[in-house]
Amino acid sequence: MFFDYAPQLQGLHCTIIYTVPISVIYSYKNVSNLFGNPNIVPMVNIYEFNRSECDLNYNQQRLEGVASLIEQRVDVSAVFDDRQQLLDLAKASGGHVRQLMQTTRSSCLTATTRKHSKILAEDVTYALNQQQFDFERSTPTPEYYTILARVCIDKDIAKEEIGQNLLFNLSVLEYNGNSRWNYVNPLVKQSYAFQQALRSIQGNP
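Here the structure is a predicted model, which means the values were calculated and not measured. (Residues numbered from 1 in each chain as written. Predicted model: local features only at pLDDT ≥ 70, side-chain atom pairs only at ≥ 80, totals over all residues. Heavy atoms only, no water.)

**Q** Is there a simple way to explain the packing of aromatic side chains in this structure?
**A** Aromatic ring pairs: the centre-centre distance and the angle between the two ring planes describe each pair. Across all of its chains, the model carries seven aromatic pairs by this definition. On the basis of an interplanar angle of 25° and a centroid distance of 5.5 Å, the ring pair of Y47 and Y58 is categorised as stacked. Taken together, the residues Y47 in the loop between α3 (32-35) and α4 (60-71) and Y58 in the loop between α3 and α4 connect sequence positions eleven residues apart. Under the relative-accessibility criterion, Y47 is labelled buried at 2%. Between Y47 and W181, the aromatic rings sit 6.5 Å apart at their centres with planes inclined by 65°, giving edge-to-face as the arrangement. Taken as a pair, Y47 in the loop between α3 and α4 and W181 in strand β2 (residues 181-184) lie far apart in primary sequence, 134 residues in all. Through successive ring pairs, a cluster of aromatic residues spans Y47, F49, Y58, Y175, W181 and Y183. The ring of Y126 carries the charged tip of R114 above its face, separated from the ring centre by 4.9 Å. (Phe/Tyr/Trp six-rings, centres within 6.5 Å; stacked < 30°, edge-to-face > 60°. Helix = DSSP H or I, 4+ residues; strand = E, 2+ residues; numbered from the N terminus. Buried < 20%, exposed > 50% of the residue type's maximum accessible area, 1.4 Å probe, protein only. Lys NZ or Arg CZ within 6 Å of the ring centre and 35° of its normal.)

Structure (structure tokens):
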């Protein structure tokens, strides 16, 4: 739509903001030629970026900033058994706010179903596992995991169809600041297939 009907989309006599999938931004057709430079909203960077490290350390201040998005909406001490569960959700979000909200909501529903008075660690683990399984279902072949493992190592995604698919389904997240880089969604990173692909690339049995 954004490529084939660009003149019509720009011809509307009103102020309008279009939100496009990240795959459109990465398309070889170059949407900037049609609409000008897009405003890309990256993930909140919760990491200490180091291109030479596969497993990045967390930046505690940024992690707390992401956690505060929940703290501004609920009384954490009344909802969570321990604040660590909130930080675990923030880590698992990769800085993606919608994913944080989804997994927090799922944790609440899980705790309610199990008749827990507060969200326990086991409720968070269950909610995160369910979303991990969703990612696994949308990753069709081992080839995808090889590409994901390469993203973890190189901090960049190949600009081809599979790469665009991985950005589109949020298996790969984008960050920017002083530089633009990519990283694997934390929920994908914890899957067995990903860990197996990573060990294969790194030459570990």
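We are not done yet, so read on.
**Q** Which parts of the structure should I look at to understand the nonpolar core?
**A** Nonpolar side chains in soluble globular proteins tend to be buried together. Ranked by size, the top nonpolar core spans 45 residues in total, and within it L148, L166 and F194 carry the most contacts. In terms of residue count, the dominant contributor to this core is helix α9 (residues 142-154) (seven residues). Apart from the residues lying within four places of it in its own chain, the contact partners of L148 are L166, S171, V172, V184, V188 and F194. (Core = buried A, V, L, I, M, F, W, Y, C linked by side-chain atoms within 4.5 Å. Contact = heavy atoms within 4.5 Å.)

**Q** Would you mind showing me how to read the packing of α9 against helix α10 (residues 161-168) here?
**A** Angle between the axes and distance between the axes: these two values describe a pair of packed helices. Remark: α9 packs on α10, axes separated minimally by 11 Å, with the N-to-C direction vectors making an angle of 80°. As far as their axial angle goes, α10 and α9 are roughly perpendicular. Residues E143, Y144, I147 and L148 of α9 pack against I162, N165 and L166 of α10. For the contact of α9 with α10, the residue count by class is five nonpolar, one polar and one charged. (Axes fitted to C-alpha atoms, helices over the stretch in contact; angles between N-to-C directions. Parallel < 35°, antiparallel > 145°, perpendicular 65-115°, else oblique. Nonpolar A, V, L, I, M, F, W, Y, C, P; charged D, E, K, R; others polar.)

**Q** Please explain the pattern of salt bridges as it appears in this structure.
**A** Opposite charge on two side chains makes pairing possible when the charged atoms of those side chains draw close. Evaluation of the coordinates by the stated rule reveals eight salt bridges. Here R83 makes a salt bridge to E64, at a shortest N to O gap of 2.4 Å. Here R83, found in helix α6 (residues 83-93), pairs with E64, found in helix α4; they are 19 residues apart in sequence, far enough to count as distant. Residue class for R83 comes out partly exposed when judged on its relative accessible area of 30%. A relative accessible area of 26% means that E64 is categorised as partly exposed. The salt bridge partner of D134 is R137, with a shortest N-O separation of 2.7 Å. Here the residue D134 and the residue R137 both occupy positions in helix α8 (residues 121-137), the gap between them amounting to three residues, near one helical turn. Here D134 falls in the partly exposed class, since its relative accessible area comes to 45%. Sharing partners across several salt bridges, the network here consists of E64, E71 and R83. (Salt bridge = Lys/Arg side-chain N within 4 Å of Asp/Glu carboxyl O.)

**Q** Where do I start with the packing of helix α7 (residues 97-113) against α8 in this structure?
**A** Close contact between α7 and α8 brings their axes to 8 Å; oriented N to C, the two are set at 125°. Considered as vectors, α7 and α8 are oriented oblique to each other. Relative to α8, α7 is oriented so that their crossing is right-handed. Contact residues: α7 offers Q99, Q102, T103, S106, S107, T110 and A111, while α8 offers D123, V124, Y126, A127, L128, Q131 and F135. Considering only residue class, the contact of α7 with α8 consists of six nonpolar, seven polar and one charged. (Left-handed = near helix turned anticlockwise from the far one by under 90°.)

The values are spatial; any link to function lies outside them.
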